[in-house]
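# Analysis of the macromolecular model
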Amino acid sequence: MPATTYRPLRLFIDVGLWLLTVAITLLGLAALTFFIGRILPIDPVLSIVGEKALPEVYQRVYLELGLDKPLWQQFFDYVMKLLRGDFGTSFSTSRPVLTDLLNFFPATLELSTIGLLIGVALGVPMGVASAYWHEKWPDHVIRIIGLVGYSVPVFWLGLVGLFVFYYLLDWVAGPGQLDVFYVGVVDRITGMILIDSALAGEWDIFWNAVSHMILPALLLGYYSLAYISRMTRSVMLDQLSREYVLTARLKGASEFRVVMGHALRNAAIPLVTVIALSYGGLLEGSVLIETIFSWPGIGNYIYSSLFAADMNAVLGGTLLVGIVFVLLNMLSDVLYRVLDPRSRELAK
């Protein structure tokens, strides 16, 4: 029987195995966040009824939350609700957690995406330059820039940035997504203020949003740049030492063609995974930046919920970040197969 007969069956098995892996990963993430939330010394009943509640009121809410059941049964009930799209209700906002996540996540996605674009636009060329001028002064300068971005806490950079560029120089707007008198003027379509204000033709609001976004986006971009430039340098050093690069140079190819046309093209394959992981890291690590800049995103939501002992919101936010991370990994796998001809050959 020809091999092509088995391709649909093999594709079906691959997709099934991938779905099983994703399901196990998400179940493990849900279990981890759920049990950590339960063993923390936080009483979810007190966060709802308050410390001055009568004992009978406390007991009624305790039973309504199902806290009298064994932990495994509480987790089972929680997973069943998740499968129905029910993340519970936030005690802080009195809204369904899913509604809150849909409201807050677009702001994080917008900020992280711009930060990633800055990181890629600067980090990849810097990594290439660092590898090309290996152990020369450009390499040392770029490595120091990357080391500072990777080792200095981002919250400290955020505070310094606000003090210098907002308070002293007045070059950028302060914390928040918009000035107070612009809040609520633009109708919410995507939840991303730059896109919504542009669609509405409100260019004053658009530029005001840019002024608020530029500093936190640059800081996230700098954090991403540090990681991407270091990984690009490492991959490019490996590619530039290969025999095909020497062969291209012996054939008289220009240095630009050797580096950008040959070495960087092959380095782009592992860099896809690096950039995808960096994107996930920005979505996950934007908590501190959003807190410092009062950015109305998912990181600020999780932070506020944690301090309010709102565990439904914390669990929902954590699961959402985990799901996005899994999807980004899936996207990087697909791109890896598209870019790498060896993966396509193995799949046949």
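In case you missed it, the structure is sitting above this.
Residues numbered from 1 in each chain as written. Predicted model: local features only at pLDDT ≥ 70, side-chain atom pairs only at ≥ 80, totals over all residues. Heavy atoms only, no water.

Turning next to helix H9 (residues 203–240). Here H9 contains 38 residues, and its C-alpha end-to-end distance of 47 Å is more than 12% below the 56 Å for a straight helix at 1.5 Å per residue. Of all the bends found along H9, the most pronounced is centred on methionine 213 and spans about 40 degrees, while proline 216, a proline, follows it within four residues. (Helix = DSSP H or I, 4+ residues; strand = E, 2+ residues; numbered from the N terminus. Expected span 1.5 Å × (residues − 1). Bend = angle between axes of the 7 residues up to and from the residue.)

Before going further, it helps to spend a moment on the environment of valine 321. Along the chain, valine 321 turns up in helix H13 (residues 311–339). When its relative accessible area of 16% is taken as the criterion, valine 321 is described as buried. Sequence separation between valine 321 and glycine 280 is 41 residues; the distance between their C-alpha atoms is 8.0 Å. (Buried < 20%, exposed > 50% of the residue type's maximum accessible area, 1.4 Å probe, protein only.)

In the structure shown here, the tally under the stated rule is seven salt bridges. In this structure, arginine 233 and aspartate 139 form a salt bridge, with 2.9 Å as the shortest nitrogen-oxygen distance. Residue arginine 233 is located in helix H9, and its partner aspartate 139 is located in helix H6 (residues 137–151); the two are separated by 94 residues in the primary sequence. The pair arginine 233 / aspartate 139 is uniform in exposure class, with both members buried. Three or more residues joined by partner-sharing salt bridges are found here, namely Glu135, Asp139, Arg143 and Arg233. (Salt bridge = Lys/Arg side-chain N within 4 Å of Asp/Glu carboxyl O.)

Another point: the packing of helix H5 (residues 97–132) against H9. Interaxial distance between H5 and H9 falls to 5 Å at its minimum, and their mutual angle equals 35 degrees. The two elements H5 and H9 cross, and the hand of that crossing is right-handed. Counted by class, the contact of H5 with H9 contains 21 nonpolar, 10 polar and two charged residues. (Axes fitted to C-alpha atoms, helices over the stretch in contact; angles between N-to-C directions. Left-handed = near helix turned anticlockwise from the far one by under 90°. Nonpolar A, V, L, I, M, F, W, Y, C, P; charged D, E, K, R; others polar.)

Together, Leu32, Ile36, Ile39, Leu40, Tyr303, Leu306 and Phe307 make up an exposed nonpolar region whose accessible area comes to about 700 Å². At the level of elements, helix H1 (7–39) and helix H12 (298–307) are the ones that each hand at least two residues to the nonpolar patch. As for its position among the elements, tyrosine 303 is in helix H12. (Patch = residues over 30% accessible without salt bridge, like charges linked within 9 Å, V, L, I, M, F, W, Y side chains within 5 Å. Areas by Shrake-Rupley, 256 points an atom, 1.4 Å probe, with all protein chains shown as cover.)

Between helix H7 (residues 154–168) and H9, the least distance of the axes is 10 Å, while the angle of their chain directions is 140 degrees. Judged on the interaxial angle alone, H9 and H7 are oblique. Between H7 and H9 the crossing geometry is right-handed. The residues of H9 that touch H7, namely those facing Leu157, Gly158, Gly161, Leu162 and Phe165, are Leu215, Leu219 and Tyr222. (Parallel < 35°, antiparallel > 145°, perpendicular 65-115°, else oblique. Contact = heavy atoms within 4.5 Å.)

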